[in-house]
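Coordinates in review
For reference, the chains in residue letters:
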Amino acid sequence: MQFAQLKRREFITLLGGTVAAWPLAARAQQPAMPVVGFLNSASPGNYVPMVAAFRQGLKEAGYVEGQNVAVEYRWAEGQYDRVPVIALELVDRRVAVLVANTPGVLAVKAAITTTPIVFTTASDPVQIGLVASMSRPAGNVTGATTMGVELASKLLELAHEVVPTASVIAALINPANSSAEPQLRNLQAAARTLGVQLRVVHASSDRDFGMVFANLAELRPGALVIANDGFFIGRNEQLATLAARHALPAIFQDHAFAAAGGLMSYGGSLPETYRQAGIYTGRILKGEKPADLPVVQPTKFELIINLKAARALGLEVPPTLLARADEVIE
């Protein structure tokens, strides 16, 4: 009898352990949640709208962060020399897709040929070697572009249009950015066409701004063109405030610059670019190949004019320019 009871207890104990193990086994058999690596050379606090747009794109493609996809975020905080190390760390984590802006993609593209990569860039991705063509990217890379680098000359033209008497126009460029040289070439060509002198000032960190605007005070340019750069995008409000303080008519590509008090902005929508990157990330997670996804290009460039800033600068914006504006901030 005691033997029978012992056997029964052992059986129940074994059965209980088996039952307890079933949920663990079931969980082990469930497919692991895919992990997306998100790398950006800027700072997270300044890219809140872009991250929200990326998540929206993921959602439109059927993925909700924390539910059926995980996202690991890495930020270089404007320190471009850190980008290659961070990018390779994410790839070593065996992420299902790597989402990165231009510095991150350039850092790993040559070494990583299997992990799908979705880029967000302001450059012409064919020109800088990210893809073979816009319609057929080939390889493991695709993404979305604002074509902002190519707009540098247009910004100079708009600055000259609003300040036609300016004989000297300054350009603020981040020399650490890989797109600095092509933007400078575009600006120089436009300056020659317009017959104005171009004066270039450089900044790659917050501490540079004081010296930059002190130099601009000495150069006395008629206007300032701010070149496309992730670090500058994260400093929209600061740059708008500094331009106003030094009575400089300034133009940048990001809408938030004009909204923050800058004179003008002209360019494609950066949040829209990140939304498209989110959509592509979701489609790749579902099995589509980057090579089959054409690069998304902006369908519209918006001109924003801040009339309040113009009045503070004592400028009268030409009616023809106002008529072309997509938005006028009173």
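Read on for an overview of the structure. (Residues numbered from 1 in each chain as written. Predicted model: local features only at pLDDT ≥ 70, side-chain atom pairs only at ≥ 80, totals over all residues. Heavy atoms only, no water.)

With that settled, the discussion passes to the pairing of strand β2 (residues 70-75). In the sheet, strand β1 (residues 35-40) pairs with β2 via six bridges, with the strands oriented parallel. Within β2, the position partnered with Val-35 by the bridge is Ala-70. For the segment spanning β1, helix α2 (residues 48-60) and β2, crossover handedness is right-handed. (Pairing = 2+ DSSP bridges. Helix = DSSP H or I, 4+ residues; strand = E, 2+ residues; numbered from the N terminus. Right-handed = clockwise from strand over helix to strand, strands pointing away.)

With that settled, consider helix α6 (residues 180-194). Helix length check: α6, at 15 residues, gives a terminal C-alpha distance of 21 Å against a target of 21 Å (1.5 Å per residue), a fit within 8%. Turning to α6, its buried residues are Ala-180, Pro-182, Gln-183, Leu-187, Ala-190 and Ala-191. (Expected span 1.5 Å × (residues − 1). Buried < 20%, exposed > 50% of the residue type's maximum accessible area, 1.4 Å probe, protein only.)

So, on to the sheet that holds strand β4 (residues 117-121). In spatial order, the strands read β2-β1-β3-β4-β5; together these five strands make up an open sheet with parallel pairing. Looking along the sheet, the strands with just one partner apiece sit at the ends: β2 and β5 (141-145). Within the sheet, the average angular offset between the axes of one strand and its neighbour, ignoring direction, is 20°. The pairing of strand β3 (residues 97-101) with β4 spans four bridges and is parallel. Of the residues in β4, the one forming a bridge with Val-99 is Val-118. Sheet strands touched by helix α3 (residues 83-92): β1, β2 and β3. Its angle to β1, the strand with the most contacts, is close to 180°. Contacts between helix α11 (residues 270-285) and the sheet are confined to β1, β3, β4 and β5, with β4 contributing the most and set at about 175° to the helix. (Axes fitted to C-alpha atoms, helices over the stretch in contact; angles between N-to-C directions. Contact = heavy atoms within 4.5 Å.)

Take the sheet that holds strand β11 (residues 302-306) next. Hydrogen bonds along the backbone pair up the strands of a sheet, which may run parallel or antiparallel. The mixed open sheet is built from seven strands, whose spatial order is β7-β6-β8-β9-β10-β11-β12. Strands with a single pairing partner mark the edges of an open sheet, and in this sheet they are β7 (197-202) and β12 (327-329). The sheet shows a mean angle of 20° between the axes of neighbouring strands, direction not considered. Looking at chain direction, strand β6 (residues 168-173) and β7 are connected through six bridges and run parallel. The partner of Leu-172 across the bridge, within β7, is Val-201. Taken strand by strand, α6 contacts β6, β7 and β8 (223-226), and its axis lies near 160° from that of β7. The strands touched by helix α7 (residues 208-219) are β6, β7 and β8; relative to β7, the strand with the most contacts, the crossing angle is about 160°.

Applying the stated criterion across every chain yields a total of one cavity of 30 Å³ or more. Around the largest cavity sit 27 residues that line it, and Thr-121, Ala-122, Asn-228, Ile-233 and Leu-270 are the ones nearest its centre. Elements supplying a minimum of two residues to the lining of the largest cavity: α4 (102-108), β4, α8 (230-233) and α11. Looking at the lining of the largest cavity residue by residue, the class counts come to eight nonpolar, 17 polar and two charged. (1 Å grid on protein atoms, 1.4 Å probe; cavity = no way out; pocket = protein on both sides within 12 Å on 5 of 7 lines; lining within 4 Å. Points joined across faces, edges and corners; volume = space filled by probe spheres on them. Nonpolar A, V, L, I, M, F, W, Y, C, P; charged D, E, K, R; others polar.)

We now examine the pattern of salt bridges. On inspection of all chains with the given rule, the structure shows 10 salt bridges. The partner of Arg-275 in a salt bridge is Glu-272, and the shortest N-O contact between them spans 2.9 Å. With a gap of three residues between them, Arg-275 and Glu-272 both fall in helix α11, about one helical turn apart. Arg-275 sits in the partly exposed class, given a relative accessible area of 22%. Taking the shortest distance from any N to any O, the salt bridge between Asp-326 and Lys-300 comes out at 3.3 Å. Of the two residues, Asp-326 is situated in the loop between α13 (319-324) and β12 and Lys-300 in the loop between α11 and β11; the sequence distance between them amounts to 26 residues. (Salt bridge = Lys/Arg side-chain N within 4 Å of Asp/Glu carboxyl O.)

Before going further, it helps to spend a moment on the packing of aromatic side chains. Summed over all chains, the structure comprises 11 aromatic pairs. Centre to centre, the rings of Tyr-266 and Phe-301 are 6.1 Å apart; their planes meet at 35°, and the pair counts as tilted. With Tyr-266 in strand β10 (residues 264-267) and Phe-301 in the loop between α11 and β11, this residue pair connects regions lying 35 residues apart in the sequence. Relative accessible area serves as the criterion here: at 15%, Tyr-266 is assigned to the buried category. We classify Phe-301 as partly exposed; its relative accessible area is 29%. In textbook terms, an aromatic cluster arises when at least three aromatic residues are bridged by ring pairs, as seen for Phe-38, Tyr-47, Phe-54, Tyr-73, Trp-75 and Tyr-274. (Phe/Tyr/Trp six-rings, centres within 6.5 Å; stacked < 30°, edge-to-face > 60°.)

Taken as a whole, the largest pocket spans an internal volume of roughly 490 Å³. Gly-268, Ser-269, Leu-270, Pro-271 and Glu-272 are the residues nearest the centre of the largest pocket, which is lined by 30 residues in total. Elements with a minimum of two residues in the lining of the largest pocket: α2, β5, α9 (236-245), α10 (255-259), β10 and α11. Of the residues that constitute the lining of the largest pocket, the class distribution is 10 nonpolar, 15 polar and five charged. A volume near 180 Å³ is recorded for the second largest pocket. Around the second largest pocket, the lining residues are Glu-77, Gly-78, Gln-79, Tyr-80, Asp-81, Ala-176, Ser-204, Ser-205, Asp-206, Arg-207, Phe-231 and Arg-235. Considered class by class, the residues forming the lining of the second largest pocket number three nonpolar, four polar and five charged.

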